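Observations on chain architecture
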Amino acid sequence: MEVTGKIKVINPEQQVSASFKKRELVVATEEQYPQFISINFVQDKCDLLNNYNVGDAVKVSINLRGREWVNPQGETKYFNDIQGWRVEKLQAEAPAASMAPMPPAETFAPATNFNEEEHDDLPF
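Residues numbered from 1 in each chain as written. Predicted model: local features only at pLDDT ≥ 70, side-chain atom pairs only at ≥ 80, totals over all residues. Heavy atoms only, no water.

Quick notes on the overall build of the protein chain
Looking only at helices and strands, the protein chain features zero helices and six strands. Each helix and strand of the protein chain, placed in order from N terminus to C terminus, yields the pattern β-β-β-β-β-β. When each of the 124 residues of the protein chain is scored for burial, the buried share is 20%. Across the protein chain, every contact between residues at least 6 apart in sequence was considered, and the portion connecting residues at least 24 apart equals 50%. Accessible surface, the protein chain as shown: approximately 10100 Å² in total, 52% of it carbon and sulfur. (Helix = DSSP H or I, 4+ residues; strand = E, 2+ residues; numbered from the N terminus. Buried < 20%, exposed > 50% of the residue type's maximum accessible area, 1.4 Å probe, protein only. Contact = heavy atoms within 4.5 Å. Areas by Shrake-Rupley, 256 points an atom, 1.4 Å probe, with all protein chains shown as cover.)

Concerning the nonpolar core
Taken as a class, soluble globular proteins show a tendency for nonpolar side chains to be buried jointly. Counting residues in hydrophobic clusters, the biggest one holds twelve residues: V3, I7, L25, V27, I39, F41, L49, Y52, V58, V60, I62 and V87. Looking at this core, the elements that each hand over two or more residues are β1 (2–10), β3 (20–28), β4 (36–42) and β5 (57–70). Ranked by the residues each element gives to this core, the list is headed by β5, at three residues. Not counting the four nearest positions on each side in its chain, V58 is found in contact with V3, T4, G5, I7, V27, Y52, V87, E88, K89 and L90. (Core = buried A, V, L, I, M, F, W, Y, C linked by side-chain atoms within 4.5 Å.)

Details of the pairing of strand β6 (residues 76–89)
Along any regular strand, the residues point their side chains to alternate faces of the sheet. Sheet topology places β5 next to β6; 13 bridges connect them, and they run antiparallel. If you follow I62 over to β6, its bridge partner there is G84. Counting the residues between successive antiparallel strands, the hairpin from β5 to β6 contains five residues, one of them, G74, with a positive phi of roughly 90°. (Pairing = 2+ DSSP bridges.)

Digging into the confidence of the model for the protein chain
Taken over all residues, the pLDDT of the protein chain has a mean of 86, while the share at 70 or more is 73%. Averaged pLDDT values for the elements of the protein chain fall to 92 in strand β2 (residues 14–17) and rise to 97 in β4. (pLDDT = per-residue confidence, 0-100.)

Below, the structure written as structure tokens:
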């Protein structure tokens, strides 16, 4: 799955435990009603965010993760997480390829040998 938009927040890396680190990225989608999607990068994927800045347009490849947890009272709870595994910077949209402008009509010589009765082999 992928999320595209502009980077709203890049949080610093958090060392959660001696063997686990994570870093949060928030991407604002560019829709009529923008969504602010929080994406976690874990372990060695944290470094993927080093070359990005707030405001960059990006495409983030994600996986949805879910887990079950039973609390001490015996209640089962479910948690979801969006984990990023790749980030690509999107290029600003290039202007449409410009064509040479059409010269004004008066620069074309009028047809001198035009015959309306000539056979036209066009199919329409």
